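Examining the three-dimensional arrangement
So you can see what is in the structure, the chains are spelled out below.
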Amino acid sequence: MKILAVEDDAPTLALLVSSLEEAGHVVEQAGDGQTGLRLARETAHDVAVVDRMLPGLDGLELVRQLRALGVQTPVLFLTTMGGISDRVDGLEAGGDDYLVKPFALAELLARINALARRPPLGRVETIIRVANVELDLVTRRVTRAGHVVDLQPREFSLLEFLMRNVGQLVTRRQLLESVWDFHFDPRTNIVETHMSRLRAKLNSDGGPDPIETVRGSGYILHADIS
Amino acid sequence: MRTYRDLLRSAGLRFALLYTLAFMVSVGAIGWLTVLAVTDALERQAQRGVDNEARALVDEFNAGGRQDLEAALTGRFANPLTHTRYVLIGADGHVLLGDAALLPYTRDPAGPAASRSDVPLTAARKLGDGSIVLVADDLTDVRDVEAVVTRAFLTALAAAGLLGLGTALLLSSALLHRLDAITRTAEAVVAGDLTQRIARTGSQDEFDRLAATLNRMLDRIGGLMVNLRQVSTDIAHDLRTPLSRLRQGLEATSHRATTAGDYRVAVEHAVEETDRILDIFSALLRIAQIEATTLRKSFRPVSLSELFHTVADAYAAPASDSGRTLVARIVEDAWVQADHDLLAQLFVNLVENALQHTPPGSTVGLELDVRGGSVLAAVRDDGLGVPASEREKVLRRFYRLERSRSGPGNGLGLSLAAAVAELHGGRLTLSDAQPGLRVSVTFPVALPIGEGVAG
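Please read all numbers here as calculations on a predicted model, not as lab measurements.

Parameters and conventions
All residue numbers refer to position in the chain's written sequence, counted from 1. Chains and ligands are labelled sequentially in the order written, the chains with letters from A and the ligands with numbers from 1. Two thresholds apply to this predicted model, a pLDDT of at least 70 for residue-level local features and 80 or more for giving and counting side-chain atom pairs, whereas whole-chain, interface and lining totals are computed over all residues. UniProt positions are given in the numbering used here, feature names are shortened, and annotations may be inferred rather than shown by experiment. A residue pair is marked as a contact if its C-beta atoms, positioned from the backbone, fall within 7 Å. Two strands are counted as paired when DSSP detects at least two bridges linking them. A run of H or I in DSSP becomes a helix once it reaches four residues, and a run of E becomes a strand once it reaches two; helices and strands are each numbered from the N terminus. Axes, fitted as lines to C-alpha atoms, cover a helix only where it is in contact. Angles between the N-to-C directions of the axes lie from 0 to 180 degrees. Polarity classes work like this: nonpolar for Ala, Val, Leu, Ile, Met, Phe, Trp, Tyr, Cys and Pro, charged for Asp, Glu, Lys and Arg, and polar for all others, with Gly in that last group.

**A short note on the UniProt feature "modified residue: 4-aspartylphosphate" (unreviewed entry) in chain A**
Residues annotated by UniProt as "modified residue: 4-aspartylphosphate" (unreviewed entry) correspond here to A:Asp51. Each residue touching A:Asp51, except ones within four places of it in the same chain, is listed here: A:Val6, A:Glu7, A:Asp8, A:Gly59 and A:Leu78.

Okay, structure coming up:
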C-alpha cells in the first residue's frame, strides 16, 4: 500500500516510516502540514496518516483543505491527547479514523488496513461470505455450512467486522469502537467475553475455529479454514 | 505601616474635607443673608424712629410755638444715651440750634457722605414760621448689632471648619484602620500564608461584610490549593510505584536475563508497566481537561436510553461470567445534551466499579428514569457499600478504600465519572442502597431536535 505520513516530531516520524515499511508499505513522508498537503495533492495514496498538531498548517486544516479540493484519500488522525471533542472535530474535518498516542504498532497497521479496505461509496453489499460462513445483512441471519447460527446482535456485529476485514488483524480497540461505540479502554475484557461466545456458537457443529487470537493485539478471521 | 502620607492620600480624608468645605460654604451663605436681613430690619426701625421724633417735634411747635420746640430740643441734647442728633434752621438758612454738621442734609438726604454706610438716617420737617427741624440717626446701634452678628457667624464658621477637619482626619484614620486589617491579611496571603483571615468586627457593616466575603474567597482558594497540593503529591506517589517497579524489573533483567526469551518476557513486562503509567497519565489529563472545559460545542442530543442498553448489553456477559448478575430497568427516549463518548465512559466506569467491588453472587442494577425535567441515571449494587464518611472521599483522585487497595484500578474512575457528570450539568452522588452502594447522576433533560428522535 502507498501511505502518506505527516508528522512534525522527527523521531516519531522515523519510527512510523520504518514500521510501515517493515510491514511492506511504501511510505512518503512530510515533516509539516504544507509539505503534507502538497504531497497529498500531487500523488494518490491509499491512506494518509496525519498528526493532529502540526506547526503552520495543522492536521485538521490540512484535511479540510484536502477534502475541499476533492481528494478522498482515507485519513487516519494521530493525536497525543484524547480530548473531549477531538474525535468529533477530526471526523467533522473529514478524517476517517482516529488514533490516540501512544498506540501499539499492530493497532496502527490494523486501522490502516481497515481504512484501505473500505468499500467505495455506492456499493451496497447485502451478503458477506467467508469460507463456509455466510452473513446476511438484511435478514441478519448467519449460517455456517448451511446451518443457522443463532447470534446475539453484538455477536453478529463482531462477526460482520471480522468478515469485512478477513485475513487481517482486527484489534480489540477497533471492535470496541465499531461494535459498542466505546472510544476508550474499559478495564473489563468485553471483547474477549463476547468473542468467546461468538466462537462457541460458530464452532458448535465441531468445525475448525476460523478465528485466530493474536495475543495482546486482537483477532484474525481466516478464509482458508472450512 | 500607616504613615501621615497615607492619611493625606486617603480617599476618606478627601471626601470628608470636601464635605466640610461644602458645609462651611453653606454656613457662610446663611450668615451673610442673616446679617443682611437683620441690618435691613434695624435700619427700617431706625428710620421709623427718626420719622416719629420729627413728627413729635412738629407737634411740639404747633402746640407751644418756637419756645416749646427749643425747650424740647434742649432737653433732648441733655440725654447722653441717645445717638439721635438734631438741628433747627431758621427761614433765612442760619442754624438756630443744634448740630451744624447736619446742615447739608436739609437740602440733600444723601448729604456729603462718601459712602452709603456713612449716611445718617434723617427726617426733615418745615415748620409754620419757615424754619426747618431735622432729626438724624447716625446708625451706631445698627452697625454695632451688625458687627456682633457677623462676628458670631465668623466664629461659628471657624468652629465648623475645625470640627470638619477634625472629623475628616478621624474618619479617614478609622477607615484606614479598617482597611489596614484587610490589607495586612491580603499581604500575608500574598507572602504565602493562606491560613490568614481578616478579623471580623461582627458589626455587619459594609467592611464587616466585605471581610466575610473575602474570607470566603480565601477559604475557597485555600481549598483549591490543598486539593492541588494533594493531587500533586498523589500523582508523584502513584507514579513512583509503577516507575520503581519498572526500573527494578529492568535492572533485574540486565543482571539475570541470558536468553532471548528472558529478554522478550522482560520487555513485555516493561511495556505492560509503561502502559499502566500512561493510563494514569491519560486519565489525569482527561479529568483535568474535563474540569477545565466550559465550552460544550461538542455536545449533541444523546439517547441515554440507547447508551444504557449498550452498556447493559456489553456487561451482561462479563458479569455472568464472573458470577454476578446485571439487571437493567431502562425508560425509553431519555435524551440529554451530551458528549456521547464521555457519557459512555462515565457509565462504563460505574458498572465496572460495581462489578469489581462486589463479591460474586451480587446483583448490579442499571436504572434510567425520567422524572420532571430531569433524567435520573443510577448504578446500584447489593455489595458491601461505602461508609457514609468515605462517600465524598472516594470521588477524589487516587482515593481508594482500604479493602480495595490491593485490587486492580488506579483510583481515578470515580473522579473521572464525577467530572463528566459535572460537565453535563449533572451531579454524581453516592448513597446507601441498603445493602450496597447506589451511584446516581441527575441530568437536565434535553428534547431531541429534528431527526434526533428517529436516529
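More follows now that the structure is in view.
**A word on the sheet that holds strand 9 (residues 147-149) of chain A**
Residues and elements named next belong to chain A. Taken in spatial order, the four strands line up as 6-7-8-9 in an open sheet, and their pairing is antiparallel. The open sheet has two edge strands with one neighbour each: strand 6 (127-130) and strand 9. The mean inter-strand angle of the sheet, taken between neighbouring strand axes irrespective of direction, is 25 degrees. Running over the sheet, helix 6 (residues 153-164) touches strand 6, strand 7 (133-136) and strand 8 (141-144) and is turned about 65 degrees from strand 6.

**Here's the deal with the interface of chain A and chain B**
With 22 residues of chain A in contact, the opposing surface of chain B contributes 24 residues. Mapped onto the side of chain A that touches chain B, the elements with two or more residues apiece are helix 4 (86-92) and helix 8 (190-202) of chain A. A per-element tally of the side of chain A that touches chain B places helix 8 of chain A first, with four residues. Split by residue class, the side of chain A that touches chain B holds nine nonpolar, eight polar and five charged.

**Regarding the sheet that holds strand 10 (residues 169-171) of chain A**
Strand pairing in a sheet is mediated by backbone hydrogen bonds. Such pairs are either parallel or antiparallel. Residues and elements named next belong to chain A. Across the sheet, which stays open at both edges, the three strands sit in the order 10-12-11 with antiparallel pairing between neighbours. The two strands at the open ends of the sheet, each matched to only one other strand, are strand 10 and strand 11 (211-214). Across the sheet, the axes of successive neighbouring strands diverge by a mean angle of 30 degrees, strand direction being ignored. Across four bridges, strand 11 lies against strand 12 (residues 218-221) in antiparallel orientation. Within strand 12, the residue paired with Thr213 across the bridge is Tyr219. Against the sheet, helix 5 (residues 105-116) makes contact with strand 10 and strand 12, and its axis sits at roughly 115 degrees relative to strand 10, the strand it touches most.

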